[in-house]
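Examination of the molecular architecture
Here's the letter readout for the chains.
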Amino acid sequence: MSTRIPATLIAGDGIGPEIMDATLTALDALEAPFDWDVHVAGLAGVHAAGDPLPPDTLDSIRRTRLALKGPLETPSGGGYRSSNVRLREAFKLYANMRPTKTMVPGGRFDDIDLLVFRENVEGLYMGYEHYIPINDDPHAVAIATGVNTRQGALNILNYTFQTAIALGRKKVTVVHKANIMKALTGIFLETAYQLHGEKYAGQIDLDNVIVDACCMKLVINPWQFDTLVTTNLFGDILSDLAAGLVGGLGMAPGANIGHDAAIFEAVHGSAPDIAGKGLANPIALMLAAALMLDHVKLHDKATRLRRAISATLNADKVRTGDLGGKANTKTFTAAIVTRIQNG
Ligand code: NAD
């Protein structure tokens, strides 16, 4: 009998419960050995405990150090901070990894296989912002301070090099704006070359590109890139651009990795426009679950899940409405389970 793995489960808001149900059904079919500790956050957290990130939820992740999470809504009134940003801070989730791979051929770009790593806790995202009033204009000057540290760069860069090498990747490209933001993004570029020279040269190649040129190159010829790593704000933008190359956010999973925990999620939000209708595409969350299986070294189950998704989409032609198909969440999930059982 395999060892059980305690993990926190947050279904999330909107379509969250529907796609989480589908994902758990697939994980059950794989006999994935997770012992789920079920908690709430986001809007559900506000309704249940008056807090979008209730202490019980935080305690659970502190204990399990592993979570699968649906999309969370941050209520606009009430001065709540984003639960997602709070989770990154609480568990020092310094690395956000988004694999971007073509699953449905025939789109604008075929055979995309990109890995995007984003520094997740530093940079301009830290939100050190203020206004300076002049005369009667309280917002006459706006100032934002970005903070990047050597240690923060080392954390994400070590994780990137190690993961890319383990996955058999050939090249890491550092994306930066060190020609203009010489200190803020220069420290990231400089640290990448130092670290590569000391620890990873000979195992994987390293090059670099300025962020604006990178956007243009990604759209003209995305196949020239293999693995991208960058600072927080650039990573936020580039990882969405990369998701767009393979058909949008509905297929994009994300892993948030830190010293204290790892949290896996779909990149998309709670899709309030289709919530409760049973129409949502659960693939992004299922792919996030595959990343979670890889994280706990159940690579065989992760591969079976990815193969089942690909076979359901491409051989069986079963697809949800967002992909032009007629399946709903339940019929799509049933097709996945059949593939898992027969695959
Ligand atoms: P969204 O990703 O929820 O929806 C954008 C569009 O994509 C909608 O038309 C939606 O129907 C569609 N869509 C998204 N996921 C889908 C799926 N799995 N299947 C089929 N269609 C899908 O973005 P939004 O509307 O900007 O955000 C809604 C809420 O989600 C907001 O409160 C936002 O803050 C939150 N959000 C949370 C996360 C997270 O928790 N990681 C990420 C993004 C947005």
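Scroll up for the structure.
Here is a short report on the structure shown in this document. (Residues numbered from 1 in each chain as written. Predicted model: local features only at pLDDT ≥ 70, side-chain atom pairs only at ≥ 80, totals over all residues. Heavy atoms only, no water.)

With respect to spatial proximity, 18 residues lie near the ligand, and among them L72, G269, A271, D273 and N281 are the closest. Within the contact set of the ligand, an oxygen atom lies 2.7 Å away from a backbone nitrogen or oxygen of G269. Between D273 and the ligand, the recorded distance is 2.8 Å, taken from a side-chain N or O atom to an oxygen atom. Burial of the ligand by the protein chains amounts to 62% of its free accessible area of 810 Å². (Near = heavy atom within 4 Å. Polar contact = N/O pair within 3.5 Å; in protein donor to acceptor, adjacent residues only side chain to side chain. Areas by Shrake-Rupley, 256 points an atom, 1.4 Å probe, with all protein chains shown as cover.)

This paragraph deals with the pairing of strand β11 (residues 253-257). Buried residues dominate β11, accounting for 5 of its 5 residues. Alternating positions in β11 separate into two faces, P253, A255 and I257 on one and G254 and N256 on the other, with burial throughout. Strand direction decides the pairing type here: strand β4 (residues 95-101) and β11, joined by 3 bridges, are antiparallel. Bridge pairing in β11 links N96 to N256. The turn linking β11 back onto strand β12 (residues 262-266) is made up of 4 residues. (Buried < 20%, exposed > 50% of the residue type's maximum accessible area, 1.4 Å probe, protein only. Helix = DSSP H or I, 4+ residues; strand = E, 2+ residues; numbered from the N terminus. Pairing = 2+ DSSP bridges.)

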